Amino acid sequence: GQQVMQIPQYQHVQEGEDFTTYCNSSTTLSNIQWYKQRPGGHPVFLIQLVKSGEVKKQKRLTFQFGEAKKNSSLHITATQTTDVGTYFCAGKHNQGGKLIFGQGTELSVKP
Amino acid sequence: GAVVSQHPSRVICKSGTSVKIECRSLDFQATTMFWYRQFPKKSLMLMATSNEGSKATYEQGVEKDKFLINHASLTLSTLTVTSAHPEDSSFYICSARPRQGASYNEQFFGPGTRLTVL
């Protein structure tokens, strides 16, 4: 079936270091969304990317959508302890279709 | 805006009983609501898509008679876990997609319901 693969599964960084998580789909996505889930919490929408090659920034977070619309990345510059949580990508293979979640990347930040 | 509530937040029940979980969009209308299940340190697994006024669409491997979904209005969907067993223990999360507007493609998640079946 349609899957969205996400790596790495876990990432432990020292505060101040950068962090990147990657998502990949075998088929073209109509859009990709990113969510953050804090420990014990629920997923919170961060952003949606729609266009090929799109890059969006939210303060220290940079989101990219690949030219072929099959992969995406989230990069956090200079991590802080407040960045701790699991980051999920979620893609749609057609407009209005169901959202397929990646496995998530759990980020821990050591102060 | 775009708040989704879920009730109850936690429930502990005996094996064999049924549990109903409510998902409400508080400040918007949602033609579509989604029910997910999440195991510890795992991703969200879509169980079913609930459309207002019609039957839910279940994902492969999800028993429709086990997980009853009712989407009675544009702001309320319910998931009933019938004859619950310990293996049904999990974190159940709903999400709602606004009927219209700029946020149409977004999904807003409820806070989740942690079900423990003894």
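Here the structure is shown first, and the text comes after it.
Please read these numbers as outputs of a predicted model, since none were measured by experiment. (Residues numbered from 1 in each chain as written. Chains lettered and ligands numbered in written order. Predicted model: local features only at pLDDT ≥ 70, side-chain atom pairs only at ≥ 80, totals over all residues. Heavy atoms only, no water.)

*Asks:* Whenever I open this one, the layout of surface pockets confuses me. Can you help?
*Replies:* By volume, the largest pocket is sized at about 1100 Å³. Lining the largest pocket we find 40 residues, and of these Gly102(A), Lys42(B), Ser43(B), Leu44(B) and Met45(B) sit closest to its centre. Residue assignment for the lining of the largest pocket shows that the elements contributing at least two residues are strand E1 (4-7), strand E9 (85-92), strand E10 (100-101) and strand E11 (105-110) of chain A together with strand E4 (30-38) and strand E5 (44-51) of chain B. Along the lines of polarity and charge, the residues of the lining of the largest pocket split into 17 nonpolar, 16 polar and seven charged. (1 Å grid on protein atoms, 1.4 Å probe; cavity = no way out; pocket = protein on both sides within 12 Å on 5 of 7 lines; lining within 4 Å. Points joined across faces, edges and corners; volume = space filled by probe spheres on them. Helix = DSSP H or I, 4+ residues; strand = E, 2+ residues; numbered from the N terminus. Nonpolar A, V, L, I, M, F, W, Y, C, P; charged D, E, K, R; others polar.)

*Asks:* What exactly am I supposed to notice about the interface of chain A and chain B here?
*Replies:* Size of an interface, as often reported, equals the accessible area lost when the parts are brought together. Facing the 21 residues of chain A at the interface are 17 residues of chain B. The contact between chain A and chain B buries some 1600 Å² in all, and 48% of this surface belongs to carbon and sulfur atoms. Contact with chain B buries area across many residues of chain A, yet His42(A), Lys98(A) and Phe101(A) alone supply 28% of it, more than any other trio. Linking chain A with chain B are zero salt bridges. Inspection of the chain A/chain B interface yields two residue pairs in polar contact (both at pLDDT 80 or more). The set of elements that each furnish at least two residues to the side of chain A that touches chain B consists of strand E4 (31-37), strand E5 (44-49) and E9 of chain A. Take the side of chain A that touches chain B: its biggest share by element is four residues, from E4(A). By residue class, the composition of the side of chain A that touches chain B is seven nonpolar, 11 polar and three charged. (Contact = heavy atoms within 4.5 Å. Buried area = accessible area lost by both parts, 1.4 Å probe. Salt bridge = Lys/Arg side-chain N within 4 Å of Asp/Glu carboxyl O. Polar contact = N/O pair within 3.5 Å; in protein donor to acceptor, adjacent residues only side chain to side chain.)

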